[in-house]
Every structure is written in C-alpha cells, then in structure tokens.
Amino acid sequence: MPRFADHQKTLIIAAFLVLLSLVCWMLEPKFMSPDSIGLVLKYAGLYGIIALGVSFVIITGGIDLSIGSWIGFSAVLLPVLVTGNQLHPSLAVAAILVLSAAAGTGHGLLVTKLKLQPFLVTLCGLFIYRGFARVVSGGREQMLPESLQWMQSSLVSGRPIAALPVPAVFFLLLVISAVAAIFLNKTVWGRHMLAAGRNEQAARFSGVNTNAVRILSFVICSVLAGLAGILFLAETKSAQGSSFGSFFELWAIAGAVLGGCSMRGGQCSIAGVLLGSLMVADIRQGVLFVVDDNWKEVILGLFVLGGVIADEFMSRWLARRK
C-alpha cells in the first residue's frame, strides 16, 4: 500500500477513536474524568504492547493465538523463580524474556521449516503453555514478590508527570512504539518483513530471507508477550496459572486489526496500532460505564468485525484508484 494510503487510514482510525470517545462521554460524563482517562491509558499501554507484538506476525501473513497463555505462564513463572528458587529478580525477568525468545523461535521454525500453518502451531502453543502455567504454579495462586512491588507504581500505574493522568505503562508503550516504527520503516529487516508479507515468493526471488524475517516476527511477538505477562502481574499483584491471560490474544489481535493491520499481511502502521490499542481500551472502559460487563466481548467482536469489513472496502477502493 502506498505511503499516503497508510496516512489516510491512520487519520480515519484517529477520527473514529475521537468519535468513539465522544459517544462514551455523552452516554456517561464520568468517562472523561481524570481517573477514567488514566484507566483507559493504562489498559491501552498493557494491551498495546501485545498488540504491537502480534502486529509483526500479522505483517508477515501469520497469526499468534498463544499470546494469552504465554502471558499466564510468564506471570506465574516470575514468582516461582524469585520466591521459590531464590533467583535475583533481574535474572528472573531476563530468564523469562530469553524463554519468550526461545518460544517465538520455536514457533517460527515450525512454520518456516516444517511448513505448518501459524494458526495450528500457535493453537497448540495455547494449550501447551497453559498446561505449563498450571504445572509451574502447582495449581496455586502466585503472588507478586515483595522485591518487585515497585513495578506496580513505577512501571504500570505510577504517573511520571504528576499533573497528567498518564500512567507509566503508557509512556513505556510510546517508547516501544517508537522503536517498532523505526525498525519497521527505517531498517532493512523491517522493509524485508513488509515485503515478505505482501508477496513471499516475489520477496524470496528478490533475495529476501523470508524464513528469517518470519521467525523474527514470532520472536518479537513472544518477547513482548513475556514482558506483558510481567507487567500484568505487577498490575494485578497475583496470577492463577489456569486462567491468567485468558483471551488476551483476542484483545491483542483486536488492537492490531482496529489499528489497520491487514490480515492478508504486508500492511501495518505502528501509529495505527497505537490508536487501535486506545480504541480497545476505550471499549473496555466504556462498556463498564454504559452497559453490563457481560457484553464486553460481544461489543469488542462487533468492533473487530467492523474493522475487518472497513479494511476490505478501503483496500478495494484504493486498488481502484491505482
């Protein structure tokens, strides 16, 4: 897709985000209170990190359904390593990120070397990692270690700028988004990733190592999921291996799709994914104010379906303009 089309799509997403926020505000004035805005930005930060991760897999034409289970596994593994095995917190965090990279590498190798479908590989991962989470936790709830309590105030809910209702995790998302945008748009690896997603065979004939970029996309996704598992644990302060992180992959995919990532691959705007994550957080918070919480998944599903339909119509419209 031409660069100007990416900008047009991002502007449309931004306009829709503003419209959605105005509708929620008109239905419930408390939606625009500082506390509510802080919650929206906090969950945009948390969900945005995994939305960015899965967007790299979607760029290459794949999908990752194991994100939620890996978040749950990472969240229960951290207390087990720190409290149960007396591992230094920094080493425990590093170990989780290394394991995340290894898991992503495994996904990528199965997809590229054995030619398995990403859907099936990561669906199996969903069950395997959830099982590991239960085994590691021993079926017991795991608590955030005291030595890591500072993460809740410093990395998640704390406000670096006291006068603004912007939590630290949203600033972290902005930093990760900036790095992701530079990688995707200014580096050879990023351009090769986009090329492989648009037309893998043509990219391979042009000298692109399509297997390597696809493996890298899964590694990025899994590492960000591992980081998110640590941050979600810091937010909730406890995790149950059997359920923690359930369906989080759907919220991640929703943020990427609402942000303009094409499920056909080869199209993604990091700014769009950031806006899509804000939209997901808007839906999450707005539902709590406006309708019963049981409708949350229904409304999210309808929004994602609307986003896919809009992307299809926009792609056809842009194709006719060429």
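Definitions and cut-offs
Residues numbered from 1 in each chain as written. Predicted model: local features only at pLDDT ≥ 70, side-chain atom pairs only at ≥ 80, totals over all residues. Heavy atoms only, no water. Helix = DSSP H or I, 4+ residues; strand = E, 2+ residues; numbered from the N terminus. Rg over C-alpha atoms; globule rule 2.2 N^0.38 Å. Buried < 20%, exposed > 50% of the residue type's maximum accessible area, 1.4 Å probe, protein only. Contact = heavy atoms within 4.5 Å. Areas by Shrake-Rupley, 256 points an atom, 1.4 Å probe, with all protein chains shown as cover. Lys, Arg positive; Asp, Glu negative; His and termini not counted. Charge placed at Lys NZ, Arg CZ, Asp CG, Glu CD. Axes fitted to C-alpha atoms, helices over the stretch in contact; angles between N-to-C directions. Left-handed = near helix turned anticlockwise from the far one by under 90°. Nonpolar A, V, L, I, M, F, W, Y, C, P; charged D, E, K, R; others polar. Core = buried A, V, L, I, M, F, W, Y, C linked by side-chain atoms within 4.5 Å. Phe/Tyr/Trp six-rings, centres within 6.5 Å; stacked < 30°, edge-to-face > 60°.

**So, the overall build of the chain**
Here is step 1: Across its full length, the chain holds 13 helices and two strands.
Here is step 2: For a compact globule of 322 residues, the expected C-alpha radius of gyration is about 20 Å, and the chain comes in at 19 Å, within 12% of that figure.
Here is step 3: When the 322 residues of the chain are sorted by exposure, 53% land in the buried category.
Here is step 4: The long-range share in the chain, meaning contacts at least 24 apart out of those at least 6 apart in sequence, stands at 78%.
Here is step 5: For the chain, the accessible surface area stands at approximately 14,600 Å², while carbon and sulfur atoms represent 68% of it.
Here is step 6: Positive and negative charge centroids in the chain, built from 23 and 15 side chains respectively, lie 12 Å apart.

**Some remarks on the packing of helix H4 (residues 89-112) against helix H5 (residues 118-137)**
Here is step 1: H5 packs onto H4 with a crossing angle of 145° between their chain directions and a minimal axis gap of 9 Å. The chirality of how H4 crosses H5 is right-handed. Counting all contacts with H4, which are made through Ala103, His107, Leu110 and Val111, the residues of H5 involved are Pro118, Val121, Thr122 and Tyr129.
Here is step 2: Classifying every residue of the contact of H4 with H5 gives six nonpolar, two polar and no charged.

**Focus: the nonpolar core**
Here is step 1: Ranked by internal contacts, the top residues of the largest apolar core, which has 88 residues, are Ile49, Ile50, Val54, Ile67, Ile71, Leu78 and Phe232.
Here is step 2: The greatest single-element share of this core, amounting to 15 residues, is contributed by helix H2 (residues 34-59).
Here is step 3: Sequence-distant contacts of Ile50, that is, excluding residues within four places in its chain, are made with Ile67, Ile71, Leu224, Ala225, Ala228, Phe248 and Ala252.

**Some details on the packing of aromatic side chains**
Here is step 1: Tallying each qualifying case throughout the model produces nine aromatic pairs.
Here is step 2: Relative to Phe73, the ring of Trp70 lies with its centre 5.0 Å away and its plane at 55°, an arrangement referred to as tilted. One end of the pair, Trp70, and the other, Phe73, are both in helix H3 (residues 67-84), three residues apart, so they sit about a helical turn from each other.
Here is step 3: Using a relative accessible area of 6% as the deciding quantity, one classes Trp70 as buried.
Here is step 4: Classification of Phe73 by relative accessible area gives buried; the value is 9%.
Here is step 5: The rings of Tyr43, Tyr47, Phe232, Phe248 and Trp251 are connected pair by pair, giving a single aromatic cluster.

Everything listed is a geometric property; what it means functionally is a separate question.
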